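# Remarks on the overall topology
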There are 4 protein chains.
Amino acid sequence: MKCDFHMHTIFSDGKVWPTTRVDEAWRTGLDAIAITDHVESQHHKGDVSTNRNRSFEIAEPQGRLFDVLVIRGAEITKKLPPGHLNAIFLTDANPVEKPDFRQAIKAAIDQKAFVFWNHPSHEHPQKKSEWFPEHTELYEKGWMHGIEVVNGMTYYPEAHAWCLEKKLTMMCNSDIHEPLTLYGEGKPGDHRPMTLVLVKEKTPEALKEALFARRTLVYMGNMLIGEEPYLRPIYEASVSPVRSGLTLKGKDRALLQIRNRSEISFELEAVGEPAEVSAPKSLTLHRERVSLCEVRAKAPGQTGTKKLSLPYVVKNLLIAPGKGLPVNVEFEAAFTP
Amino acid sequence: MKCDFHMHTIFSDGKVWPTTRVDEAWRTGLDAIAITDHVESQHHKGDVSTNRNRSFEIAEPQGRLFDVLVIRGAEITKKLPPGHLNAIFLTDANPVEKPDFRQAIKAAIDQKAFVFWNHPSHEHPQKKSEWFPEHTELYEKGWMHGIEVVNGMTYYPEAHAWCLEKKLTMMCNSDIHEPLTLYGEGKPGDHRPMTLVLVKEKTPEALKEALFARRTLVYMGNMLIGEEPYLRPIYEASVSPVRSGLTLKGKDRALLQIRNRSEISFELEAVGEPAEVSAPKSLTLHRERVSLCEVRAKAPGQTGTKKLSLPYVVKNLLIAPGKGLPVNVEFEAAFTP
Amino acid sequence: MKCDFHMHTIFSDGKVWPTTRVDEAWRTGLDAIAITDHVESQHHKGDVSTNRNRSFEIAEPQGRLFDVLVIRGAEITKKLPPGHLNAIFLTDANPVEKPDFRQAIKAAIDQKAFVFWNHPSHEHPQKKSEWFPEHTELYEKGWMHGIEVVNGMTYYPEAHAWCLEKKLTMMCNSDIHEPLTLYGEGKPGDHRPMTLVLVKEKTPEALKEALFARRTLVYMGNMLIGEEPYLRPIYEASVSPVRSGLTLKGKDRALLQIRNRSEISFELEAVGEPAEVSAPKSLTLHRERVSLCEVRAKAPGQTGTKKLSLPYVVKNLLIAPGKGLPVNVEFEAAFTP
Amino acid sequence: MKCDFHMHTIFSDGKVWPTTRVDEAWRTGLDAIAITDHVESQHHKGDVSTNRNRSFEIAEPQGRLFDVLVIRGAEITKKLPPGHLNAIFLTDANPVEKPDFRQAIKAAIDQKAFVFWNHPSHEHPQKKSEWFPEHTELYEKGWMHGIEVVNGMTYYPEAHAWCLEKKLTMMCNSDIHEPLTLYGEGKPGDHRPMTLVLVKEKTPEALKEALFARRTLVYMGNMLIGEEPYLRPIYEASVSPVRSGLTLKGKDRALLQIRNRSEISFELEAVGEPAEVSAPKSLTLHRERVSLCEVRAKAPGQTGTKKLSLPYVVKNLLIAPGKGLPVNVEFEAAFTP
């Protein structure tokens with residue numbers, strides 16, 4: 001399921017009516033959203049109702065019509081630390097409006113909400129992501145289940161590391177306030193940031209279970225972030241050679257054709273080279289296309305057939321900060337003089 | 001000035017906050033807008049204030065920041081006849097909320113508003129534009145100053161004819177309710193529908209004077225509609241030959257190069273042909289480019305130099321319903337055997 | 001296999017070197033091409049060799065490198081009738097250069113070539129497609145195996161009818177002379193015209209067998225032309241409902257979500273309506289997306305669950321001139337008051 | 001005049017017929033081209049004529065038809081040093097084919113050709129641009145008049161410095177071999193690399209005079225390179241404020257609107273700040289649009305009106321390697337509390 005769990009409407013400081021968030025979700029192929037208006041700040045007091053459940057109540061029937069799950073949420077908006085946290089799967093957003101952050105989060109936890117820390121470096125005086133004692137407190141109480149590894153167009157490598165280390169759920173959300181226009185420049189492959197959740201069926205219960213079980217991937221631009229056991233099957237289901245064999249004549253160039261069925265262009269970087277052939281140091285497997293990999297025999301006199309493996313890492317499938325997924329490009333080489 | 005005098009916000013049945021209409025106007029190059037929320041219908045009662053001036057009051061400071069004029073307006077929303085009418089240049093929108101259409105329009109006229117009839121065929125049982133006695137009544141009282149010749153993506157040829165015949169102002173507005181995304185398919189030249197107003201300076205007073213004086217053009221897609229004295233100078237300032245002379249050798253083809261500096265691609269259709277040369281039956285002068293016009297001598301034996309004129313009409317510069325602007329493509333032909 | 005069997009190089013009146021045709025084929029995803037330079041006309045005599053096999057001989061090694069099959073071909077270029085015919089799967093193009101059309105075609109047939117009639121209305125004084133006695137003669141001798149139903153951007157409905165009636169193979173080729181830039185306006189879905197050939201393996205032999213067996217589809221713009229047994233499986237493999245059931249409450253609108261996996265946007269037109277529900281008269285199933293089909297119960301009081309079927313024809317899957325493929329949109333409707 | 005003085009056809013190792021280079025030039029708005037096929041290497045011997053004038057002779061009539069000047073040229077293709085040099089404004093290309101580089105260049109100089117060094121780092125063992133004694137020899141004899149500062153997509157900063165230091169003409173050429181498709185990604189503003197030559201009239205003589213007089217600009221991507229006296233008037237004719245005055249209230253943000261009429265987006269970087277106001281560190285003036293520059297008073301209590309000047313450098317208008325054009329953004333600030 002493609003999801004975005006952080007967005008605003010005119011019921012806090014957003015600029016659109018709640019049904020528009022559902023329309024946008026449908027148009028961009030999302031399966032589920034949570035509208036998370038700030039519960040404390042009343043931006044349009046006098047003009048707009050202060051009932052914190054209204055954005056959900058207005059959006060929800062539109063969601064049923066378009067088959068987009070709408071999850072009741074709220075943004076608990078406190079000074080750093082602990083900063084802003086989203087609570088989703090609430091049953092009533094109004095009681096979460098409390099001046100003290102512990103009371104507010106407790107009110108959400110009492111409703112069995114899933115709680116995550118938003119944009120960790122936000123409002124930090126040095127604009128960095130810092131883990132404060134308050135976060136330790138929330139974490140140890142079991143009151144914080146995830147962190148935004150991506151918010152809008154910003155990636156937080158520290159949050160990525162904390163999620164791996166502390167077994168927290170990785171989140172990727174838009175935090176959109178304005179109407180959704182285009183992310184990027186309208187090129188094929190541009191999309192809004194989203195959390196991919198690995199579920200068995202499209203229900204709120206299955207979604208909630210998967211979030212608590214940490215079965216998520218962060219999908220931002222041409223980058224996919226997650227744990228290796230979830231990333232590897234995606235790469236393997238997407239990439240395959242057009243033909244498994246290649247004839248290498250003397251030192252002539254030969255072209256291995258590799259199909260990538262996915263909507264992500266994979267950026268490969270070599271981490272070694274077999275003794276027999278030279279291959280590209282870097283290689284892009286373009287989205288929804290066949291790409292070429294130029295291979296040559298290193299010594300012209302070789303003969304016979306060998307199974308070869310070119311070792312690469314996929315730089316934009318991140319299994320840890322700065323660490324790409326290791327993969328092999330395999331083929332059978334028939335050497336002729 | 002580029003203007004849009006018909007749009008909605010969450011203060012009636014629109015989907016965005018009023019400042020967003022200013023942001024959209026700036027982004028699409030408009031100089032002035034009027035937000036015209038319905039005064040009668042209260043779509044979001046209980047959630048949103050019923051003060052009919054709020055959308056203007058919220059948008060206006062944003063307009064000053066971005067140098068976009070925001071005009072106070074309201075849509076008087078009655079059954080057909082007379083249908084919906086916009087009143088702009090109001091001083092207070094609340095008194096315009098009256099159950100009777102005559103009383104409502106009078107309240108606007110008392111404020112010296114400019115009043116125009118919206119989307120004339122809207123809610124007509126046969127979906128056609130019909131002039132009812134109620135329109136005669138308003139027109140004769142001087143209570144109706146213009147008509148929408150274009151609303152959104154729809155052109156009303158009857159409204160076009162009525163404006164010419166009865167000396168009413170031609171209007172072109174978006175009537176947008178949703179957030180503005182793209183009109184058309186995002187190709188160069190796509191733009192939102194707008195009324196071009198010919199003013200001496202960018203002030204509300206100059207704008208109001210020009211509207212009452214009927215100095216407007218309707219600009220929709222690749223089409224410009226207006227009176228000939230306003231359209232001709234636009235064409236002439238936009239189109240010029242790259243070179244004024246052309247050598248015609250025997251019956252070989254020669255290429256006249258014609259530059260079009262404007263953002264509209266002009267669609268020309270021949271209405272005759274000179275005796276000496278053959279020229280294209282139809283000819284597109286592409287926007288912001290040089291286009292080619294292929295000319296050949298009809299008889300191979302001609303000699304000497306002649307000033308020639310190819311008569312065309314520009315199909316997408318409409319001076320009346322179905323009637324394009326007549327123009328001539330002129331050049332000096334040097335005939336050689 | 002995606003194929004284009006009609007194109008030119010500088011060895012006749014084209015503008016590119018033969019290897020460029022292979023590069024273009026690879027870039028546009030083709031599996032096979034035939035270069036078919038005119039055998040009679042020597043456009044660049046003195047500048048370029050007159051050996052009619054050179055374009056094939058130069059292109060063929062490039063084809064092996066890029067895994068694009070290059071088929072030896074030639075265009076036999078005679079006055080109408082019979083006009084221009086392509087011979088492909090030649091073993092030597094030079095003997096096909098004969099002044100008499102019967103001798104030229106015989107030379108091709110002697111090499112067991114596959115022969116088809118190009119752009120049937122070309123050079124016809126009334127610009128129409130006409131079947132002359134010469135075509136009957138070729139057809140009866142078994143010397144003409146197919147016709148171009150599409151050449152470049154032009155569709156020939158008469159050729160379409162003749163192929164169905166006389167059991168000839170339908171061809172769709174570019175006849176490109178210039179370098180390949182873009183067909184259409186560079187929008188997703190734009191592609192060069194091509195013949196889709198249904199083969200068991202990617203070899204010249206399999207390709208030739210399939211052409212003689214008439215297993216082809218014409219693919220031009222957003223249109224696919226072919227016999228119903230080949231078109232129906234393509235539609236069925238592409239289109240599926242997101243959910244098979246739909247709840248219809250009173251007369252409220254409900255939205256059936258239909259996924260189209262293919263790269264063609266299917267244009268459906270209703271050919272009737274079930275008694276129970278109203279559905280769209282026309283419906284576009286957008287390429288590689290989910291589209292919405294709005295359904296409402298006709299009478300509000302219905303209850304229970306029914307299997308319903310909405311009958312449409314797909315206007316851009318042509319099984320005969322002007323005749324779209326009939327399909328049904330099926331779903332289970334649960335009626336509630 | 002927009003020019004490209006380095007390109008190939010099938011008469012050396014290019015892939016297109018000479019007239020195609022004219023078609024491409026017209027389509028991309030060029031005023032003049034030189035086709036510069038290699039004079040030594042005979043790539044297609046046996047298939048194509050070895051007369052070195054043929055590409056010019058075939059292209060020239062097409063140039064007259066499309067009003068594109070075609071200049072006779074040749075690439076003298078020797079090992080480094082001195083590498084490859086182009087000679088343009090030849091009267092006969094055949095005598096330039098000489099094994100010795102001095103003899104070949106002399107043959108061009110005897111024809112009063114304009115000679116420039118191509119892609120200086122090409123074939124250098126360390127892939128760097130190095131000035132060899134052979135270049136000193138040519139330079140001192142007056143046999144080398146310019147250098148390619150840009151070839152294709154590559155910028156040579158050393159060549160840029162040499163041109164400034166030694167008073168050589170800066171050249172920017174495509175060196176295209178393939179058919180021209182798109183440079184960049186087809187976004188507005190993408191264009192082929194070109195040399196802009198500042199001429200009084202569009203004739204070969206005026207062009208030649210301007211090249212020898214060094215009145216050129218290098219135009220590549222979103223970058224313009226040249227001497228300050230040529231760059232400054234271009235910037236000043238392109239950029240102007242929408243309004244010259246700005247009201248600064250307290251410490252509120254105010255928006256200066258700046259129009260850029262040109263097709264280049266100017267990238268400005270601050271090199272200081274006035275005492276009174278804060279302004280953006282970096283600022284993009286988008287092509288063919290109005291951009292916003294956010295200004296705030298530093299101290300809230302200021303009053304009165306002052307002429308202010310914000311100092312920037314335009315990073316993509318290069319007056320020397322790494323050195324942008326210094327400019328000022330000027331406006332009249334009216335301070336109010």
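Residues numbered from 1 in each chain as written. Chains lettered and ligands numbered in written order. Predicted model: local features only at pLDDT ≥ 70, side-chain atom pairs only at ≥ 80, totals over all residues. Heavy atoms only, no water.

## What to know about the relation of the copies chain B and chain A
You can overlay chain B on chain A at an RMSD of 0.0 Å; the transform is a turn of 180° with a shift of 0.1 Å along its axis. With respect to symmetry, the two chain copies, as superposed, fit the operation of a two-fold axis. Here 100% of the interface residues in chain B have copies in chain A that are interface residues too; the copies meet face to matching face. (Least-squares fit on C-alpha atoms with pLDDT ≥ 70 in both. Contact = heavy atoms within 4.5 Å.)

## Regarding the packing of aromatic side chains
Within this structure, the stated rule accounts for 36 aromatic pairs over all chains. One aromatic cluster is present, built from ring pairs that chain together A:Trp117, A:Trp131, A:Tyr139 and A:Trp162. Here the basic side chain of B:Lys166 rests over the ring of B:Trp131, its NZ or CZ set 4.3 Å away from the ring centre. Positioned over the ring face of D:Tyr139 is D:Lys166, at 5.9 Å from the centre of the ring. (Phe/Tyr/Trp six-rings, centres within 6.5 Å; stacked < 30°, edge-to-face > 60°. Lys NZ or Arg CZ within 6 Å of the ring centre and 35° of its normal.)

## Observations concerning the confidence of the model for chain A
For chain A, the average pLDDT comes to 95, and 98% of its residues sit at 70 or higher. Two numbers describe this predicted complex: its pTM, 0.92, and its ipTM, 0.92. (pLDDT = per-residue confidence, 0-100.)

## A closer look at empty space enclosed by the protein
Residue and element names in this part refer to chain D. Scanning the model with the defined rule gives 15 cavities of 30 Å³ or more in all. For the largest cavity, the calculated volume is near 80 Å³. Surrounding the largest cavity, 13 residues form its lining, Phe11, Asp37, His38, Arg52 and Ser55 being those nearest its centre. For the lining of the largest cavity, the per-class residue count stands at four nonpolar, seven polar and two charged. Looking at side-chain class alone, the lining of the second largest cavity contains one nonpolar, six polar and two charged residues. (1 Å grid on protein atoms, 1.4 Å probe; cavity = no way out; pocket = protein on both sides within 12 Å on 5 of 7 lines; lining within 4 Å. Points joined across faces, edges and corners; volume = space filled by probe spheres on them. Nonpolar A, V, L, I, M, F, W, Y, C, P; charged D, E, K, R; others polar.)

## Focus: helix H6 (residues 204-212) of chain C
Residue and element names in this part refer to chain C. Every buried residue of H6 is listed here: Ala206, Leu207, Ala210 and Leu211. Along the axis of H6, the buried residues cluster in a sector spanning 135°; they form a single face. The positive-phi residue at the C-terminal boundary of H6 is arginine 214, with phi of around 65°. (Buried < 20%, exposed > 50% of the residue type's maximum accessible area, 1.4 Å probe, protein only. Helix = DSSP H or I, 4+ residues; strand = E, 2+ residues; numbered from the N terminus. Arc of directions from axis to C-beta.)

## Digging into the nonpolar core
Nonpolar side chains tend to gather and get buried jointly when the protein is soluble and globular. Counting 52 residues, the largest nonpolar core has D:Ile33, D:Tyr235, D:Phe266 and D:Leu268 as its most contacted members. Apart from residues lying up to four places away in sequence, D:Leu268 is in contact with D:Tyr235, D:Lys281, D:Ser282, D:Leu283, D:Leu285, D:Tyr312, D:Val313, D:Val314, D:Val327 and D:Val329. (Core = buried A, V, L, I, M, F, W, Y, C linked by side-chain atoms within 4.5 Å.)

## What to know about the interface of chain B and chain A
Between chain B and chain A, the contact holds 20 residues from the first and 20 residues from the second. Interface area, chain B with chain A, both sides summed: about 1400 Å², of which 54% is carbon and sulfur. In terms of surface lost to chain A, no three residues of chain B exceed B:Lys15, B:Trp17 and B:Asp47, which account for 44% of the buried area on that side. Inspection of the region where chain B meets chain A yields two salt bridges. Note that A:Arg54 and B:Asp47 form a salt bridge whose closest N and O atoms lie 2.7 Å from each other. The tally of links between chain B and chain A comes to eight residue pairs in polar contact (both at pLDDT 80 or more). If you list the elements that add at least two residues to the side of chain B that touches chain A, you get helix H1 (18-27) and helix H2 (54-66) of chain B. (Buried area = accessible area lost by both parts, 1.4 Å probe. Salt bridge = Lys/Arg side-chain N within 4 Å of Asp/Glu carboxyl O. Polar contact = N/O pair within 3.5 Å; in protein donor to acceptor, adjacent residues only side chain to side chain.)

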